[in-house]
Amino acid sequence: MEVVACSMGSGSSSSSLYSALAKSISRSPLPHACGSTYSPGDNLNLDQDPADPLELLQECREALRERPAHLKRAFVQTGHGDARRTIRVMQWNVLAQALGEGMDNFVQCPLDALNWPERKYMILEEILTYKPDILCLQEVDHYFDMFQPVLASLGYQSSFCPKPWSPCLDVENNNGPDGCALFFNHERFQSVNTTHLRLSAMMLKTNQVAIVAALRCRSTGQVFCVGVTHLKARSGWEVLRSAQGADLLRNLRNIAQKIETEENAESAVPLIVCGDFNAEPSEDVYRNFATSSLGLDSAYKLLSTDGKTEPPYTTWKIRPSGESCHTLDYVWYSHRAFDVNAVLDFPTAEQIGPNRLPSYNYPSDHLSLVCDFSFKDPIN
């Protein structure tokens, strides 16, 4: 299967001014993504010298020099796992460009704060600042013309699964459907297999999707699975979200068992599951993940003093209906297999500012979640 990429967009001299980003992007037509899947490594040139991430980060900051400074966040140490084998995972709903400009109605966010020629640099700046080994994204509608080519130049293999009926397609001058995307550092991990899921509820296919990738650590041979998903949004859809979560858990269990059989594994294959669940911890879908036989726990509870409470918010926005401050995003992990060494703390309300998110100094209405994991048991 051939994957083609296109230019990063129009209307900004910064796209042509900064050579490293320009070199990362070929200028070809955008493929039609509906109903298609894109597998890891299909567009990764392993013979090409990788781009310098520090150089790319500097170019992003130069392109954004007229904007307020990037939100400053710090890591909180939560454990004492083996730092030599740390796996950094980033979970982030990046906000689809078509939705941000066309449908989401962020009434306190000036429209020019969302213009793609600058916002793409803000998104890249966030990713390059934290340098994840594994990157799980939702609402990706610029996979081919930005995320895939730029991150491929940094050595990431990737997979993209669009929504069957993306609301982005209803926006004029859209860039195609949005969906979930999963990236991993090719130098650290080898792809074992990748599964794209269209989630079901009450035996009916829904518009929500997930990607589950089985990866092998090149240094240790350890195999584990990473999942990324984005469940149905909005109040009133709690039952549907619960059913979608149950379907995802079933698929995770089946995929893990299949890998265990193929690998002749002596123990369960560990899992890391990231996503915008669009659900507060009070919802059934959260409780179902927390009590699943898969032995999952939520990494961000470790920020709380009791180790049992989720953060007060992962998204904070203002729409015509009012202010919306919720915890909807999670990083689940197999607590019997992984230690959580550190998690990235959230900015305060004062740092975010009275107009909330997105803004001139943060590109999405959701904050990124970043966790450092290590395997609990030594690998012989």
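Our subject in this report is the structure included herewith. From a predicted model like this one, the values you see are computed outputs, not experimental measurements.

## Here's the deal with the overall build of the protein chain
Across its full length, the protein chain carries 9 helices and 15 strands. Per-residue burial over the protein chain gives 58% buried out of 380 residues. A separation of at least 24 residues holds for 78% of the contacts in the protein chain among residues at least 6 apart in sequence. Only carbon and sulfur atoms are counted for the fraction: they give 48% of the accessible area of the protein chain, which is about 16200 Å².

## Observations concerning the nonpolar core
Ranked by size, the top nonpolar core spans 71 residues in total, and within it I134, F147, F183, F224 and F373 carry the most contacts. Ranked by the residues each element gives to this core, the list is headed by helix α5 (residues 116-130), at 8 residues. F373 has contacts with R85, T86, I87, V89, I272, A299, V331, Y333, F338, D339, V340 and N341, leaving out every residue within four places of it along the chain.

## What to know about the packing of α5 against helix α6 (residues 143-153)
Relative orientation of the contacting elements α5 and α6 amounts to 40 degrees, with a least axis distance of 11 Å. When the interaxial angle is binned, α5 and α6 end up oblique. Of the two possible hands of crossing, α5 and α6 adopt the one that is right-handed. Contacts between α5 and α6 pair W116, K120, I123, L124 and I127 from the former with M146, F147, V150 and L151 from the latter. The class makeup of the residues in the contact of α5 with α6 is 8 nonpolar, no polar and 1 charged.

## Topic: the environment of K131
With respect to the helices and strands, the residue K131 is situated in the loop between α5 and β3 (134-140). Along the primary structure K131 and R88 are separated by 43 residues, whereas in three dimensions their C-alpha atoms are 7.8 Å apart.

## Things to note about the pairing of strand β4 (residues 156-162)
With 7 of 7 residues buried, β4 is to be regarded as a mostly interior element. As judged from the 7 bridges shared by β4 and strand β5 (residues 179-185), these two strands associate in the antiparallel manner. Paired with F160 across the bridge in β5 is A181.

## Brief notes about the packing of helix α3 (residues 53-63) against α5
Relative orientation of the contacting elements α3 and α5 amounts to 140 degrees, with a least axis distance of 9 Å. Our classification of the angle between α3 and α5 gives oblique. Note that α3 runs across α5; the crossing there is left-handed. Along its contact with α3, which presents P53, L56, L57, C60, R61 and A63, the element α5 presents E118, Y121, L124, E125, L128 and T129. Tallied by class, residues from the contact of α3 with α5 come to 8 nonpolar, 1 polar and 3 charged.

## Considering α3
When α3 is considered as a whole, its buried residues turn out to be L56, L57, E59, C60 and A63. End-on view of α3: buried residues confined to an arc of 160 degrees, all on one side of the axis. N-cap assignment for α3: the residue whose side-chain oxygen lies 2.9 Å from the backbone N of L54 is D52.

## A short note on the packing of aromatic side chains
For any pair of aromatic rings, the description rests on two quantities: the centre-to-centre distance and the angle between the ring planes. Under the definition given, this model contains 21 aromatic pairs. On the numbers, 6.3 Å between centres and 55 degrees between planes, the contact of Y313 with F346 is tilted. Of this pair, Y313 sits in the loop between β10 (296-298) and β11 (315-319) while F346 sits in the loop between β14 (338-344) and α9 (349-352), and the two are 33 residues apart along the sequence. Neither residue differs from the other here; Y313 and F346 are each classed as buried.

## With respect to the sheet that holds strand β8 (residues 223-230)
Taken in spatial order, the 6 strands of this open sheet run β6-β7-β8-β9-β13-β10, and their pairing is mixed. With partners counted over all chains shown, the strands left at the sheet margins are β6 (189-201) and β10, one partner each. When the angles between neighbouring strand axes are averaged without regard to direction, this sheet yields 20 degrees. The sheet contact formed by β8 and strand β9 (residues 271-276) spans 6 bridges and is parallel. Within the sheet, the bridge partner assigned to V226 lies in β9 and is I272. Running at roughly 150 degrees to β6, helix α7 (residues 238-263) makes contact with β6, β7 (204-217), β8, β9 and β10 of the sheet.

Cut-offs applied
Residues numbered from 1 in each chain as written. Predicted model: local features only at pLDDT ≥ 70, side-chain atom pairs only at ≥ 80, totals over all residues. Heavy atoms only, no water. Helix = DSSP H or I, 4+ residues; strand = E, 2+ residues; numbered from the N terminus. Buried < 20%, exposed > 50% of the residue type's maximum accessible area, 1.4 Å probe, protein only. Contact = heavy atoms within 4.5 Å. Areas by Shrake-Rupley, 256 points an atom, 1.4 Å probe, with all protein chains shown as cover. Core = buried A, V, L, I, M, F, W, Y, C linked by side-chain atoms within 4.5 Å. Axes fitted to C-alpha atoms, helices over the stretch in contact; angles between N-to-C directions. Parallel < 35°, antiparallel > 145°, perpendicular 65-115°, else oblique. Left-handed = near helix turned anticlockwise from the far one by under 90°. Nonpolar A, V, L, I, M, F, W, Y, C, P; charged D, E, K, R; others polar. Pairing = 2+ DSSP bridges. Arc of directions from axis to C-beta. Polar contact = N/O pair within 3.5 Å; in protein donor to acceptor, adjacent residues only side chain to side chain. Phe/Tyr/Trp six-rings, centres within 6.5 Å; stacked < 30°, edge-to-face > 60°.

None of the figures reported here should be taken as evidence of function without further support.
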